Number of protein chains: 2
Amino acid sequence: MGVLPRSVEKVIEELERLPGVGPKSAARMTYFLLRAPRDWSASLAEALVKMRELTVTCTECFNVADHDPCKICSDSGRDRTRLCVVEEPLDVVALELSGVFDGRYFILGGVVSPAEGIGPEQLRFDELKERVKSLLDKHVDKEELEVIIATNPSLEGEATASYIVEVLKGIDEKTAGTLKISRLAMGLPTGADLEYADRLTLKRSLEGRTRVYARGD
Amino acid sequence: MGVLPRSVEKVIEELERLPGVGPKSAARMTYFLLRAPRDWSASLAEALVKMRELTVTCTECFNVADHDPCKICSDSGRDRTRLCVVEEPLDVVALELSGVFDGRYFILGGVVSPAEGIGPEQLRFDELKERVKSLLDKHVDKEELEVIIATNPSLEGEATASYIVEVLKGIDEKTAGTLKISRLAMGLPTGADLEYADRLTLKRSLEGRTRVYARGD
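About the thresholds
Residue numbers restart at each chain and count upward from 1, following the sequence in its written direction. For naming, the first written chain is A and the first written ligand is 1, with later ones following in the order written. This being a predicted model, a pLDDT of at least 70 is required before a residue's local features are given, and a value of 80 or more before pairs of side-chain atoms are given or counted; all residues contribute to the totals for chains, interfaces and linings. For the side-chain quantities, the full set of heavy atoms in the structure was used; hydrogens and water were omitted. Comment: elements are numbered from the N terminus, with helices defined as DSSP H or I runs of at least four residues and strands as E runs of at least two. Computation of the radius of gyration draws on C-alpha atoms alone. For the globule rule, the value is 2.2 Å times the number of residues to the power 0.38. Three labels apply to residues, based on accessible area from a 1.4 Å probe with only protein chains included: buried if under 20% of the type maximum, exposed if over 50%, partly exposed otherwise in between. Residue contacts are counted whenever heavy atoms from the two residues lie within 4.5 Å of one another. Per-residue and other accessible areas were derived by the Shrake-Rupley procedure at a 1.4 Å probe size, with only the shown protein chains allowed to occlude residues. Only four residue types enter the tally: Lys and Arg on the positive side, Asp and Glu on the negative side, with His and both chain ends excluded. To locate a charge, take atom NZ for lysine, CZ for arginine, CG for aspartate or CD for glutamate. For any pair of parts, buried area is found by adding up, for both, the accessible area (1.4 Å probe) each one loses once the two are put together. By definition here, a salt bridge exists when the distance from a side-chain nitrogen of Lys or Arg to a carboxyl oxygen of Asp or Glu is within 4 Å. Pairs of N or O atoms are called polar contacts if they sit within 3.5 Å, as long as, within protein, a hydrogen donor faces a hydrogen acceptor (for residues adjacent in sequence, only side-chain-to-side-chain pairs). We superpose the copies by least squares over the C-alpha atoms of residues that have a pLDDT of at least 70 in both of them. Strands are labelled as partners when DSSP assigns at least two bridges between them. Under this scheme, a helix contributes an axis fitted over its contacting stretch, all axes are lines through C-alpha atoms, and angles between N-to-C directions fall in the 0 to 180 degree range. The labels follow the angle: roughly parallel below 35 degrees, roughly antiparallel above 145, roughly perpendicular from 65 to 115, and oblique for the rest. For this scheme, ten residues count as nonpolar: Ala, Val, Leu, Ile, Met, Phe, Trp, Tyr, Cys and Pro. Four count as charged, namely Asp, Glu, Lys and Arg, and the remainder, Gly too, count as polar.

Trainee: Would you take a moment to explain the overall build of chain A for this structure?
Mentor: Broken down by element type, chain A carries seven helices and six strands. When the helices and strands of chain A are read in sequence order from the N terminus, they spell out α-α-α-β-β-β-α-β-α-β-α-β-α. By the compact-globule yardstick of 17 Å for 217 residues, chain A is too spread out, its C-alpha radius of gyration being 22 Å. When the backbone C-alpha atoms are referred to their principal axes, chain A occupies close to 75 × 45 × 35 Å. Scored against the burial criterion, the 217 residues of chain A give a buried share of 41%. In chain A, the proportion of contacts linking residues at least 24 apart, taken out of those at least 6 apart, comes to 49%. Approximately 12,300 Å² of chain A is accessible, and the part contributed by carbon and sulfur atoms is 52%. Looking at chain A, you have 30 positive and 37 negative side-chain charges, and the mean spots of the two groups are 2 Å apart.

Trainee: Help me understand the interface of chain A and chain B in this model?
Mentor: Accessible area lost on assembly of the parts is the figure often given for the size of an interface. Each side of the interface is counted separately: chain A has 52 residues, and chain B has 52 residues. For the chain A face of the interface with chain B, the top three residues by lost area are A:Leu48, A:Met51 and A:Arg52, together amounting to 15%. On the surface where chain A and chain B come into contact, there are two salt bridges. At the boundary of chain A and chain B, one finds 10 residue pairs in polar contact (both at pLDDT 80 or more).

Trainee: In this structure, what is going on with the relation of the copies chain A and chain B? I would like to understand it.
Mentor: What connects the two chain copies is a rotation about an axis and a shift along it. You can overlay chain A on chain B at an RMSD of 0.1 Å; the transform is a turn of 180° with a shift of 0.0 Å along its axis. Taken together, these values place the two copies in the relation of a two-fold axis. It is A:Ala45 whose C-alpha, among those of chain A, lies nearest the rotation axis, at 2.0 Å.

Trainee: How should I be thinking about the sheet that holds strand β4 (residues 104–107) of chain A in this particular structure?
Mentor: Think of a sheet as strands paired side by side through backbone hydrogen bonds, with each pair either parallel or antiparallel. Residues and elements named next belong to chain A. The strand order across the open sheet formed by four strands is β4-β3-β5-β6, and the pairing between neighbours is parallel. Looking at the sheet topology across the chains shown, the edges are occupied by β4 and β6 (179–183). Each strand of the sheet is rotated relative to its neighbour by a mean of 25°, with strand direction disregarded. In the packing of helix α4 (residues 89–98) onto the sheet, the strands contacted are β3 (82–86) and β4, and the crossing angle to β4 comes to about 160°. Lying over the sheet, helix α6 (residues 155–172) contacts β3, β5 (145–149) and β6, oriented at roughly 175° with respect to β6.

Trainee: Looking at this structure, I do not really get the pattern of salt bridges. What am I missing?
Mentor: Per the stated rule, a full pass over the model turns up 30 salt bridges over all chains. Of the charged contacts, one joins A:Arg204 and A:Glu158 as a salt bridge, the two residues approaching to 3.3 Å between their closest N and O atoms. Of this pair, A:Arg204 sits in helix α7 (residues 199–207) while A:Glu158 sits in helix α6, and the two are 46 residues apart along the sequence. With a closest N to O distance of 3.1 Å, B:Lys50 and B:Glu46 form a salt bridge.

Trainee: I keep staring at the sheet that holds strand β5 (residues 145–149) of chain B and nothing clicks. Help me out?
Mentor: Residue and element names in this part refer to chain B. In space, the four strands of this open sheet follow the order β4-β3-β5-β6, with parallel pairing throughout. Where the open sheet ends on each side, the last strands, each with one partner, are β4 (104–107) and β6 (179–183). Adjacent strand axes in the sheet meet at a mean angle of 25° when their direction is disregarded. Sheet topology note: the β5/β6 ladder contains five bridges and is parallel. Within the sheet, the bridge partner assigned to Ile 149 lies in β6 and is Arg 183. Its contacts with the sheet put helix α6 (residues 155–172) on β3 (82–86), β5 and β6, and the angle it makes with β6 is roughly 175°.

Trainee: Help me understand the packing of α4(A) against helix α2 (residues 23–35) of chain B, please; the structure alone is not making it clear to me.
Mentor: Two quantities define a packed helix pair, namely the angle between the helix axes and the distance between the axes. It is at 10 Å that the axes of α4(A) and α2(B) come closest, and there the two elements cross at 140°. Taken together, the axes of α4(A) and α2(B) are oblique relative to one another. Side by side, α4(A) and α2(B) meet where A:Pro89, A:Leu90 and A:Val93 of the first sit next to B:Ala27, B:Arg28 and B:Tyr31 of the second. Tallied by class, the residues present in the contact of α4(A) with α2(B) amount to five nonpolar, no polar and one charged.

Structural measurements only, silent on function.
Put into structure tokens, the structure is as follows:
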């Protein structure tokens, strides 16, 4: 626009590429960095470069990691009979921080979304098949392998979950039936208010209701 | 938190320092960069470093600039009888993009805010006095100098505006009265709805009302 020094405009343009950052917030961040100690820009710059130099993709779960295989995949203390399929690395972070899951992960890399032109071939379905096959080979006739589908409860997440089920069913035909597939429960989140819940959430919380009493239980 | 590679955590921490960026959005940006072409991180890093290397502070208006004095201060085509005092460089950008002001600027560097421990001594009041004095010296007995106070219409912005008036009044006592001080008009913004306007805005739009008809006008 000519009003700003070119080098300042350039930083604004770069920051605008980031998700959730519009022109106004990019400008605010940039001027914040201009007023902050010079070290701050330098240390952000260094962190960005180092991150790309020091991280690798784990070839088992496809998470971003320090080493391949990653800490979780190489941790023999974790439950190897459960594999949780998620969309993105941040889903792993959420589950790990919650401390409710002790198995391993597989990162699909997104969801099938015809609207955005993302078909199954752009996601890691082949790699998922390979991973499940190899786990089944190790497990066959010994223990069960449970694949827990943890894609988001969005339309795309649901469609992707169905697709995962189809793909994995095909594999199980060649095994002794040790593969179980499950999907995260859907329903009302903690602290929700029925009054404000959307129709689909209500429908699912009704469909998935759990029996709490029946004479003779 | 141990769940993420250290180099990834580091980028998240650095991004969290930026205004308006919380832990969640910092994480989203970071994973976005991890998925994006490697060049993107590198080019953002380079832009950050270059910005600090290539920019200087204009010693007349205190804006961030390519050269000192900046393009605006050194533009002899601009009206030198009007000096607009703003809080931040982004205020200059807004005014320049609007194309409604053709004078020069002075960036105070913020507002007086006792709540945040920012007193007048942390802002550029001394520099403002010097700038106005030097402009008056050149103008005395020839033309008027109008200082337009364009701090934000917030409590702090108003207090700062009053303080600027006090400071500049002191200077004018030694001149031939060629100094005029004005404040941006306050009132309803374009497209506003009276129904939703806050009390203070209504009060000011009433106080600052402009006569449109009177018999005999």
